[in-house]
Amino acid sequence: MKEQIREVIREHGRLAVDVDTLADDADLYQAGMTSHASVNVMIALEDSFDIEFLDSMLKRSVFESVDSIAAALTEVGVPA
Amino acid sequence: MTITAEVDAAVVGSARRIADEVAAPVAEEVDREARFPAEAVAALREERALSALVPVELGGAGASLDAVAGACFELGRRCGASGMVFAMHQIQVACMVNHRGEGSWFDDYLREVVAEQRLIASITSEVGTGGDMGKSIAAVSEPDAAGTASFEKQAPTVSYGPHADAFLTTVRRAPDAEPGDQVAVLTRREQMEMDQQGTWDPLGMRGTCSPGFVAKATFPVEQIVPERFSTISAETMTPVSHVLWSQVWLGIATDAFDRARAFVKAAAKRKPGEPLPAAIRLSELMSQLSLLRAEVGLALREYCELHANDRARLSEMATILRFNNLKIAASEQAPTVCQEALGVCGIVGYKNDTPFSVGRHLRDSMSARLMVANERIHATDASLLLIAKEV
Ligand SMILES: Cc1cc2nc3c(=O)[nH]c(=O)nc-3n(C[C@H](O)[C@H](O)[C@H](O)COP(=O)(O)OP(=O)(O)OC[C@H]3O[C@@H](n4cnc5c(N)ncnc54)[C@H](O)[C@@H]3O)c2cc1C
């Protein structure tokens, strides 16, 4: 699952660095992801994993790192 | 009454008295001369209103945001600039109260706000990023061995910059931090060099005295608000700004409506029983005003409820959308009400020296759409609407 998350971030996160240089718990916003880019990441994740996030998950802190995104995906039923 | 209800009633009551007795008599002069409403601010200090939101354990009144919102409305009704200065100060206090991390330097600073009734201004916008509060160019320098750091920020608009005791400034966390990786720093005037750029001769909100500055500061790093700015912004600065600003705009629009009503009543007295077209327009105006009042009141209640019981929801995109929409809706509706009030009063509303003048109201309320450009907020909302569910 984490490789698929990284793929989405690579395509839509517009990071200042290559996502592969970041640890799973690294802060994506500190790596340059803007709020606007984070919305594109969310939309692409919904599409790629064929799920819908809940409103309670749609906040900055949930999309802060690969780890926190993985936790949210697990919560909506994506197998680890 | 409970103690909080008593405190809240006192905050609103004293603001109403100051609005009527102190702000109203000089509102025209403040506007004409674009001068700071010093009398109103002095009276608010005397009532210790500048620390209304500081919790009781730090010596403050511990008033609710509801009460401060009521005070903003009362002041805005008599003098838009006084209301806006009060609102902006309270926003800075709320950010420190909510995000100080207990036991930090900010506990002591807030005690000082209580004791000395410090007036705090805001430096969020920046030359180069405009109204995009979520990005900074200026950065905190690498602290020296003694823990002293500095910044230099080009600020296009700093309300009451020449009169404030301290400033809450957004900057990048470090020289190599990304534009969105921000912190807020509280610095005292003595720690700053404020180099004014140009003058302040705007269309409205003239008494806010908001010229540009190059702001330089040197400060101990403990003066950086502990929580990062993205959290401060989502949970407090953005929603509280929108809630309190919109109360000021509602106050301005309400007074414009009251003046239109006084005009119609006077006309009805002169010709009792005769048809009065302006009376119909006044009735239409009332429904416009109620829409504004409903939106502003609903958002205030929602913020107070979430802040008290479900703070995590303040960061959800669906919530952010609603508080952004409050700003857009109120900033468009308030000038609409003022303009319609002008339509009711006609030439005596257009003249600046009658009891029915609404020119100042119209000009003041037109600043609303620029205080973080509505176009910019629409762009944010357009993106959030693509992903949020229940809005
Ligand atoms: C009365 C008053 C008091 C103020 N006090 C303070 C203060 O104390 N401290 C402080 O920091 N700031 C203050 N400001 C500044 C204010 O909050 C804004 O940051 C500032 O007005 C933004 O500058 P700008 O109008 O050039 O807008 P910008 O945000 O720089 O935008 C420039 C133009 O581009 C348009 N635009 C921007 N983004 C988009 C988009 N995405 N899509 C389409 N169009 C877009 C805008 O509509 C605008 O016309 C104050 C402003 C006013 C009016």
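Not measured: the values here are computed from a predicted model.

Regarding the sheet that holds strand β6 (residues 212–220) of chain B
All names here are of chain B.
And step 1. What the 3 strands build is an open sheet, ordered β2-β6-β5; its pairing is antiparallel. For this open sheet the edge positions go to β2 (148–155) and β5 (192–197), each flanked by a neighbour on one side alone. Looking at each pair of strands side by side, their axes are set apart by 5° on average, direction ignored.
And step 2. Alignment of β5 against β6, held across 6 bridges, turns out to be antiparallel. Directly across from Met 194, in β6, lies its bridge partner Ala 215.

Considering the side chain of Gln 191 of chain B
Residues and elements named next belong to chain B.
And step 1. By secondary structure assignment, the location of Gln 191 is in the loop between β4 (182–188) and β5.
And step 2. For Gln 191, a relative accessible area of 18% gives the class buried.
And step 3. A polar side-chain atom of Gln 191 sits 2.8 Å from a polar atom in the side chain of Gln 223.
And step 4. Gln 191 has contacts with Lys 216, Ala 217, Thr 218, Phe 219, Pro 220 and Gln 223, leaving out every residue within four places of it along the chain.

Structural notes on the interface of chain B and chain A
And step 1. Each partner contributes residues to the interface: chain B has 19 residues there, and chain A has 20 residues.
And step 2. Of the roughly 1,600 Å² buried between chain B and chain A on both sides combined, carbon and sulfur atoms contribute 56%.
And step 3. The largest per-residue losses of area from chain B upon contact with chain A belong to Glu 178, Ile 387 and Lys 389 of chain B, which jointly make up 34% of the total buried on that side.
And step 4. Seen at the junction of chain B and chain A, the total is 4 salt bridges.
And step 5. Ionic pairing is found between Lys 389 of chain B and Glu 52 of chain A, a salt bridge with its closest N-O pair at 3.9 Å.
And step 6. Counting across the chain B and chain A interface gives 7 residue pairs in polar contact (both at pLDDT 80 or more).
And step 7. Taken together, the elements giving at least two residues each to the side of chain B that touches chain A come down to α8 (317–345) and α11 (374–385) of chain B.

Here's the deal with the sheet that holds strand β1 (residues 120–123) of chain B
Residue and element names in this part refer to chain B.
And step 1. As summarised here, the arrangement of the 3 strands in space is β1-β3-β4, forming an open sheet in which the pairing is mixed. A single partner strand is all that each edge strand has here, and the edge strands are β1 and β4. Across the sheet, the mean angle from the axis of one strand to that of its neighbour is 25°, orientation sign disregarded.
And step 2. In terms of strand pairing, β1 meets strand β3 (residues 166–172) through 4 bridges, oriented parallel. Paired with Ser 122 across the two strands is Leu 168, which belongs to β3.
And step 3. The strands touched by helix α4 (residues 80–99) within the sheet are β1, β3 and β4, with β1 carrying the most contacts at an inclination of about 85°.
And step 4. Running at roughly 80° to β4, helix α6 (residues 229–270) makes contact with β3 and β4 of the sheet.

Remarks on the domain arrangement of chain B
Residue and element names in this part refer to chain B.
And step 1. Considered domain by domain, chain B is made up of domain 1 (3–118), domain 2 (121–223) and domain 3 (229–387).
And step 2. Centre-to-centre separation of domain 2 and domain 3, based on C-alpha positions: 29 Å.
And step 3. Of the residues lining the interface, 15 residues belong to domain 2; the matching set on domain 3 comes to 13 residues.
And step 4. Taken together, the two surfaces of domain 2 and domain 3 that pack against each other cover about 1,100 Å², and 71% of this comes from carbon and sulfur.
And step 5. The three residues of domain 2 that bury the most area against domain 3 are Met 133, Leu 203 and Met 205, which together make up 49% of that side's buried surface.
And step 6. Run the count over domain 2 and domain 3 and you get 0 salt bridges.
And step 7. Taken together, domain 2 and domain 3 are joined by 4 residue pairs in polar contact (both at pLDDT 80 or more).
And step 8. It is β4 that contributes the most residues to the side of domain 2 that touches domain 3, 3 residues altogether.

Remarks on the confidence of the model for chain B
And step 1. Looking at chain B, the pLDDT average stands at 96 and 100% of residues meet or exceed 70.
And step 2. Both scores are given for the predicted complex: the pTM is 0.96, the ipTM 0.90.

Quick look at the pairing of β2 of chain B
Residue and element names in this part refer to chain B.
And step 1. Burial along β2 is one-sided: Ala 149, Phe 151, Lys 153 and Ala 155 are buried, while Thr 148, Ser 150, Glu 152 and Gln 154, pointing the other way, are not.
And step 2. Bridge analysis of β2 against β6 gives 8 bridges, and the strand direction is antiparallel. What sits directly across from Glu 152, in β6, is Lys 216.

Conventions adopted
Residues numbered from 1 in each chain as written. Chains lettered and ligands numbered in written order. Predicted model: local features only at pLDDT ≥ 70, side-chain atom pairs only at ≥ 80, totals over all residues. Heavy atoms only, no water. Pairing = 2+ DSSP bridges. Helix = DSSP H or I, 4+ residues; strand = E, 2+ residues; numbered from the N terminus. Axes fitted to C-alpha atoms, helices over the stretch in contact; angles between N-to-C directions. Buried < 20%, exposed > 50% of the residue type's maximum accessible area, 1.4 Å probe, protein only. Polar contact = N/O pair within 3.5 Å; in protein donor to acceptor, adjacent residues only side chain to side chain. Contact = heavy atoms within 4.5 Å. Buried area = accessible area lost by both parts, 1.4 Å probe. Salt bridge = Lys/Arg side-chain N within 4 Å of Asp/Glu carboxyl O. Domains from an automatic or database assignment. pLDDT = per-residue confidence, 0-100.

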